[in-house]
Amino acid sequence: MTAPQTADRYVYRFGGGTAEGGTGDKDLLGGKGANLAEMASIGLPVPPGFTISTAMCARFYDEREAFPDSLTAEVADGVAHIERVTGKRFGDVADPLLVSVRSGARVSMPGMMDTVLNLGLNDETVEGLARVSEDERFAWDSYRRFIQMYSDVVMGLDHGLFEEALEIAKEDKGYFNDTELSADDWKALVAQYKRIVADEQGAPFPQDVNDQLWGAAAAVFKSWNVERARVYRRINDIPHHIGTAVNVQAMVFGNMGETSATGVAFTRDPSTGENAYFGEYLINAQGEDVVAGIRTPQYLTRAAKEAAGAKPLSLEEAMPETFEELTAVFETLEQHYKDMQDIEFTVERGQLWMLQTRTGKRTAKAALRIAVDMAAEGLVDRKTAILRIDPMQLDQLLHPTLDPDAPRDVIARGLPASPGAASGTICFDADTAERRAANGESVILVRVETSPEDIHGMHAAAGILTARGGMTSHAAVVARGMGRPCVSGAGEVRIDTKARTLTASGRAFDEDDVITIDGGNGQVMAGRVPTLQPELAGDFATLMEWADDLRALKVRANAETPHDAKTAREFGAEGIGLCRTEHMFFDAGRISAVRQMILAEDEAGRRLALDKLLPEQRGDFVAIFGEMAGLPVTIRLLDPPLHEFLPREAAEFEGLAAELDVPVEKLRRRADELHEFNPMLGHRGCRLGITYPEIYEMQARAIFEAACEVAETSGEAPLPEVMIPLVGTRRELEITREIVDRTAKAVFGERGREIAYLVGTMIELPRAALMAKEIAQVGEFFSFGTNDLTQTALGVSRDDASRFLGTYVEQGIYERDPFVSLDIAGVGQLIEIAVERGRAQRPDIKLGICGEHGGDPASIAFCARAGLDYVSASPYRVPIARLAAAQAALGRD
């Protein structure tokens, strides 16, 4: 059922035979609200409730974090709906209705926003709950949980104050677990909690249940803009403007004794993709106990328990009837949604209730297996399977793992919460992890347990280790989503955050020590462990084959070394889209000849130096052409300004002067002559080739001699595409093309062999895009250099933009960093103009993109729409580009 959206309606009900919305209403109801309504509509046991829409979130902020008066009646109707279904009344001292208040954005953001449980309890209703439940301990436990959560989320008090009071209470009694505390213990702790609130707030804890409800709803909306949520959205490219919904739902209780439980489950293994139920639960607990890692949970299935060597009973063993009912729900949901589901459930005195379902976050390995398996099962077709995979997730599969034969100094074991492996310096807090990672260090974030406030450190870290928490804890879920290796629940590890030490196996480690974690088996090791390159076969190869059958865009790689070229071809590259020759000039064995060329007084001196570089440059191209035999290779002639090759430090000048036997003063004078105030727009690119044609002549000769050599030795000629950089006029390309053609003719005459080749240009200036028709009279291909085209179109220096681009994205000036994802509205328009005008002049012109955007899925989708022939990305981004190109062919933006 679709939610009947109207301009003045904000509340939508579900449960008890009502479902005012469904899966298609995520923009309005958020993912949680839409799925709760959907589950209710297909007859699953969902506690009744209502959703305050995302539209109210926008209005809430528009009205300076206030609710309009008109919402009061709608919320009252929503509460009345829950009362009718449950037979309880909100605020009733005899049999009180309690509710949860949760967030729910269109895109799942696990743990990033706030939740309040057990709302509706006060000094009077807690007595009624105790009587009706016949469990005084449960009632007072629920009240202390509510005070602690509400004080933290709504009133902004430090939750550590309450945690400390709880720990002191347990220590005084000699208890280890919360479950050992009696009803009287909880009563005493509630009184202590209320004193903390009065002392910190200067006012008593609120007793009016309606005030509690409005306070919690406002807090959930406010949590949309807390720092951790903003960071999560920035990392995951979730728009800031979409807002969250608020879901108010009747409480069901997993902490009502030994016949009650709460848990989190996945219909398939989110780490491996195996078609086996995966999850955890706790008896006599509430949901936050599982996801927050406060208690280490038990396994869902007997098989998982036995595989882990665990002793506590699985849900399958402890509650067999409930487990059977739950597995039936798993099957229903997976068949209905046709995807792996992440489920939260509660068992209240033997009655199963579904609190949430959503598409489960999974590792890249699991995503591939699930997609391929579901296609084989007939649950989805191949096109759907391809669309299921986030191309950027493939990055998780394309990097090394630990060498299984390497020695391992294992100091502890935990749960294998997120696969992959990483070595790094220990960091005990998120800020330190972020700072040290920014300085180029590989770091492991080590925490007792992570919280949503750690999101920035988790993103910066190479891996995550926690002493507490299970496979569905915050650390595990977030790490899997980010592709970070994670070991959680490492109970053998002792972490002293004040002393900043980690102790395991009787050994102490501090923040200067390196450890390794293996998220595939839960091992924690001292020191670094060697790694192996990934083998991309099985499900990966299957899905890539399906993708290649569908895509129209070719995929090339940016590569300038034989190793990069080999890696790219192994990853499926169909040629090289950008070979930057200047990188070859910086090689230690040839930089002296380059500097000699720069310092020469005349053409004869430059040619003498270039003669030394020719065999080196030719050797470079022989090696690259050998790896790419039979495929096109686009080679960009020298682009950067010459001063970049000269020394910068005094010692370097002195060393170079001695090496070349010239005075230091001469070197400094030449460096001063070459200095430019704005080198990006200075004497570089084709301007070098026009003023010093002998440079491009040497490079062209190296290219064609290498191509002839490879053709002779391999029998398979490469297709060189000689690219002239920074062209803005037809005449620039004419002059430089004449150098290339003249040199090619000379080489072919000398070798007695001709090689097919193309000459084209890089479109990286707005004028070049606008003058594409005239430039296409000379150029046989265009390669859009979107790094510089973005700089020149936006008037923004990529090297300096980091100081303000984050703010620009935050404030909606740019939707994303334009150097990461193409500015389609502006730069994209220039590309479309160049495509149209270039093809009007030369219908068979070859068009591609070779900037960093060639590996960005959103930019690739634009390239497909714009009619480009290929994209070129870094070697490790080639599989990402192949999948994104297939999705573009299927119509995904």
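Our subject is the structure that appears above.
Each value, and the rule that gives it
Residues numbered from 1 in each chain as written. Predicted model: local features only at pLDDT ≥ 70, side-chain atom pairs only at ≥ 80, totals over all residues. Heavy atoms only, no water. Helix = DSSP H or I, 4+ residues; strand = E, 2+ residues; numbered from the N terminus. Rg over C-alpha atoms; globule rule 2.2 N^0.38 Å. Buried < 20%, exposed > 50% of the residue type's maximum accessible area, 1.4 Å probe, protein only. Contact = heavy atoms within 4.5 Å. Areas by Shrake-Rupley, 256 points an atom, 1.4 Å probe, with all protein chains shown as cover. Lys, Arg positive; Asp, Glu negative; His and termini not counted. Charge placed at Lys NZ, Arg CZ, Asp CG, Glu CD. Pairing = 2+ DSSP bridges. Axes fitted to C-alpha atoms, helices over the stretch in contact; angles between N-to-C directions. Core = buried A, V, L, I, M, F, W, Y, C linked by side-chain atoms within 4.5 Å. Phe/Tyr/Trp six-rings, centres within 6.5 Å; stacked < 30°, edge-to-face > 60°. Lys NZ or Arg CZ within 6 Å of the ring centre and 35° of its normal. Salt bridge = Lys/Arg side-chain N within 4 Å of Asp/Glu carboxyl O. 1 Å grid on protein atoms, 1.4 Å probe; cavity = no way out; pocket = protein on both sides within 12 Å on 5 of 7 lines; lining within 4 Å. Points joined across faces, edges and corners; volume = space filled by probe spheres on them. Nonpolar A, V, L, I, M, F, W, Y, C, P; charged D, E, K, R; others polar. Patch = residues over 30% accessible without salt bridge, like charges linked within 9 Å, V, L, I, M, F, W, Y side chains within 5 Å. Left-handed = near helix turned anticlockwise from the far one by under 90°. Polar contact = N/O pair within 3.5 Å; in protein donor to acceptor, adjacent residues only side chain to side chain. Expected span 1.5 Å × (residues − 1). Disulfide = S-S within 2.5 Å.

Undergrad: I tried to follow the overall build of the protein chain on my own but got confused; where do I start?
TA: The helix and strand tally for the protein chain stands at 35 helices and 34 strands. Computed over its C-alpha atoms, the radius of gyration of the protein chain comes to 32 Å, within 12% of the 29 Å expected for a compact globule of 893 residues. Expressed as lengths along the three principal axes of its C-alpha atoms, the size of the protein chain is roughly 100 × 60 × 55 Å. Split into buried and exposed, the 893 residues of the protein chain put 56% on the buried side. A separation of at least 24 residues holds for 69% of the contacts in the protein chain among residues at least 6 apart in sequence. Carbon and sulfur atoms make up 47% of the accessible area of the protein chain, which totals about 35,600 Å². For the protein chain, the separation between the mean place of its 94 positive charges and that of its 138 negative charges on side chains is 3 Å.

Undergrad: Explain the sheet that holds strand E22 (residues 501-504) to me, please; I cannot follow it from the model alone.
TA: Within a sheet, neighbouring strands are paired by backbone hydrogen bonds and run either parallel or antiparallel to one another. Strands sit in the order E21-E22-E23 across an open sheet of 3 strands; the sheet is antiparallel. The open sheet has two free edges, formed respectively by strand E21 (494-496) and strand E23 (507-509), since each of these has just one partner strand. In this sheet, adjacent strand axes meet at a mean angle of 20° when their direction is disregarded. Where E22 meets E23, 3 bridges bridge the pair, whose relative direction is antiparallel. Bridging from a neighbouring strand, Leu 502 pairs with Phe 509 of E23.

Undergrad: Before we go on, may I ask you to explain the nonpolar core in this structure?
TA: Here is a general trend for soluble globular proteins: nonpolar side chains tend to be buried in one another's company. The biggest cluster of nonpolar side chains holds 127 residues, and the ones touching the most others in it are Phe 704 and Leu 868. If one sorts the elements of this core by residue count, helix H27 (residues 693-714) sits on top with 12 residues.

Undergrad: Just to check I follow, could you spell out the packing of aromatic side chains for this structure?
TA: Within a pair of aromatic rings, the relevant descriptors are the distance that separates the centres and the angle that separates the planes. Applying the stated criterion to the full structure yields 19 aromatic pairs. Centroid distance Phe 266 to Phe 278: 5.9 Å. Interplanar angle 65°. Geometry classified as edge-to-face. Linking Phe 266 in strand E9 (residues 261-266) with Phe 278 in strand E10 (residues 278-283), this pair joins segments that are 12 residues apart in sequence. For Phe 278, a relative accessible area of 12% corresponds to the buried category. Counting every residue linked through ring pairs, the aromatic cluster contains Phe 60, Tyr 61, Phe 67, Trp 214 and Phe 221. The cationic tip of Arg 556 hangs over the ring face of Tyr 870; the distance from NZ or CZ to the ring centre is 3.9 Å.

Undergrad: How should I be thinking about the pattern of salt bridges in this particular structure?
TA: In a structure, side chains of opposite charge can pair up when their charged atoms sit close to one another. One pass over the structure, following the stated rule, counts 64 salt bridges. With a closest N to O distance of 2.7 Å, Lys 566 and Glu 570 form a salt bridge. Of this pair, Lys 566 and Glu 570 both sit in helix H20 (residues 562-570), 4 residues apart, which is roughly one turn of that helix. By relative accessible area, Lys 566 is classed as partly exposed at 41%. Within this structure, Asp 141, Arg 144, Arg 145, Glu 167, Lys 170 and Asp 178 form a network of salt bridges that share partners.

Undergrad: Honestly, the layout of surface pockets in this entry has me stumped. Any pointers?
TA: Take a probe with the size of a water molecule and roll it over the atoms, and the empty space left behind shows itself. As a volume, the second largest pocket reaches approximately 670 Å³. Around the second largest pocket, the lining is made up of 29 residues, and of these Asp 639, Arg 684, Asp 788, Gln 791 and Arg 798 lie nearest the centre. Considering each element in turn, the lining of the second largest pocket owes the most residues, 5 residues, to helix H31 (residues 786-794). Partitioned by chemical class, the residues of the lining of the second largest pocket number 9 nonpolar, 9 polar and 11 charged.

Undergrad: Before we go on, may I ask you to explain the sheet that holds strand E29 (residues 632-636) in this structure?
TA: Read around the barrel, 8 strands follow the order E27-E28-E29-E30-E31-E32-E33-E34 and close on themselves; strand pairing throughout is parallel. Here the strands of the sheet are splayed against their neighbours by 25° on average, with no regard to which way each runs. One ladder, built from 5 bridges, connects E29 with strand E30 (residues 719-724); its direction is parallel. Residue pairing for E30: Ile 635 is matched across the bridge by Val 722. On top of the sheet, helix H23 (residues 603-627) reaches strand E28 (576-580), E29 and E30; it is set at about 150° to E29, its chief contact.

Undergrad: Quick question: what am I supposed to make of a negative patch on the surface here?
TA: Side chains of Asp 152, Asp 158, Asp 199 and Glu 200 sit close together on the surface and give a patch of like negative charge. Of note, Asp 152 is situated in helix H5 (residues 136-153).

Undergrad: So what exactly am I meant to see when it comes to the pairing of strand E32 (residues 781-784) here?
TA: Consecutive residues of a regular strand have side chains that alternate between opposite faces of the sheet. Alternating residues of E32 divide into Phe 781 and Ser 783 and Phe 782 and Phe 784, and every residue in both groups is buried. Examined bridge by bridge, strand E31 (residues 758-763) and E32 share 3 bridges and lie parallel to one another. Bridge pairing in E32 links Thr 761 to Phe 782. Here 4 bridges tie E32 to strand E33 (residues 846-849), and the two strands are oriented parallel to one another. Bridge pairing in E33 links Phe 781 to Lys 846.

Undergrad: Looking at this structure, I do not really get the environment of Gln 841. What am I missing?
TA: You can see Gln 841 is positioned in helix H33 (residues 827-841). Taking relative accessible area as the criterion, Gln 841 reaches 29% and is therefore assigned partly exposed. Taking the C-alpha atoms as reference points, Gln 841 and Trp 214, 627 residues apart in sequence, are found 65 Å from one another. Among residues more than four places away in sequence, those in contact with Gln 841 are Lys 773, Ala 776 and Gln 777.

Undergrad: Is there a simple way to explain the pairing of strand E18 (residues 443-447) in this structure?
TA: The buried count for E18 comes to 5 of 5 residues, which makes it a mostly enclosed element. Side-chain alternation along E18 places Val 443, Leu 445 and Arg 447 on one buried face and Ile 444 and Val 446 on a second face that is also buried. Looking at chain direction, strand E17 (residues 421-427) and E18 are connected through 3 bridges and run parallel. Among the inter-strand pairings, Ile 426 is bridged to a residue of E18, identified as Ile 444. Bridging between E18 and strand E19 (residues 463-466) involves 4 bridges; their strand directions are parallel. Counted as the bridge partner of Val 446 is Leu 465 from E19.

Undergrad: Help me understand the packing of helix H4 (residues 125-133) against H5, please; the structure alone is not making it clear to me.
TA: Packed helices, taken two at a time, are described by the angle their axes make and the gap between the axes. The contact between H4 and H5 brings their axes to 8 Å, and the two run at 145°. Between H4 and H5 the crossing geometry is right-handed. Within the contact between the two elements, H4 uses Val 126, Glu 127, Leu 129, Ala 130 and Ser 133 and H5 uses Glu 136, Phe 138, Ala 139, Trp 140, Ser 142 and Tyr 143. Of the residues in the contact of H4 with H5, the class split is 7 nonpolar, 2 polar and 2 charged.

Undergrad: For this particular structure, what's the right way to read the environment of Asp 513?
TA: Structurally, the position occupied by Asp 513 is in the loop between E23 and strand E24 (514-518). For the pair Asp 513 and Phe 221, spaced 292 residues apart in sequence, the C-alpha to C-alpha distance is 42 Å. Sequence-distant contacts of Asp 513, defined by excluding residues within four places in its chain, comprise Gly 424, Thr 425, Ile 426 and Ala 508. One polar contact links the side chain of Asp 513 to the main-chain amide nitrogen of Asp 510, over a distance of 2.7 Å.

Undergrad: How should a nonpolar patch on the surface be read in this particular structure?
TA: On the surface, Phe 804, Tyr 808 and Ile 813 cluster together to form a nonpolar patch covering roughly 240 Å² of accessible area. Looking at the secondary structure, you find Ile 813 in the loop between helix H32 (805-810) and H33. Classification of Ile 813 as partly exposed rests on a relative accessible area of 44%.

Undergrad: How should I be thinking about unusual backbone geometry in this particular structure?
TA: Excluding glycine, most residues fall at negative phi; most peptide bonds, likewise, are trans. Backbone geometry places Lys 338, a non-glycine residue, at a positive phi of 55°. Positionally, Lys 338 belongs in the loop between helix H13 (320-337) and strand E12 (341-348). Of note in the backbone geometry, Ser 505 takes a positive phi value of approximately 55° without being a glycine. Take Ser 505: it is sitting in the loop between E22 and E23.

Undergrad: How should I be thinking about helix H28 (residues 730-751) in this particular structure?
TA: In an α-helix, one turn spans 3.6 residues; hence positions three or four apart end up facing the same way. The terminal C-alpha atoms of H28 lie 31 Å apart, and with 22 residues this matches the ideal 32 Å at 1.5 Å per residue to within 8%. Glu 732, Leu 733, Thr 736, Arg 737, Ile 739, Val 740, Thr 743, Ala 744, Val 747 and Phe 748 are the residues of H28 that are buried. Along its buried surface, H28 packs onto helix H26 (686-691), H27, E30, E31 and helix H30 (772-775). Of the residues flanking the end of H28, it is Gly 752, one or two places downstream, whose phi is positive at about 70°.

Undergrad: Looking at this model, I keep getting lost on the state of the cysteines. Mind explaining?
TA: What is meant by a disulfide is a covalent connection between two cysteines, made through their sulfur atoms. Here the structure, examined in full by the defined rule, presents 0 disulfides. The thiol sulfur of Cys 708 is not disulfide-bonded, and the nearest other cysteine sulfur, from Cys 579, lies at 17 Å.

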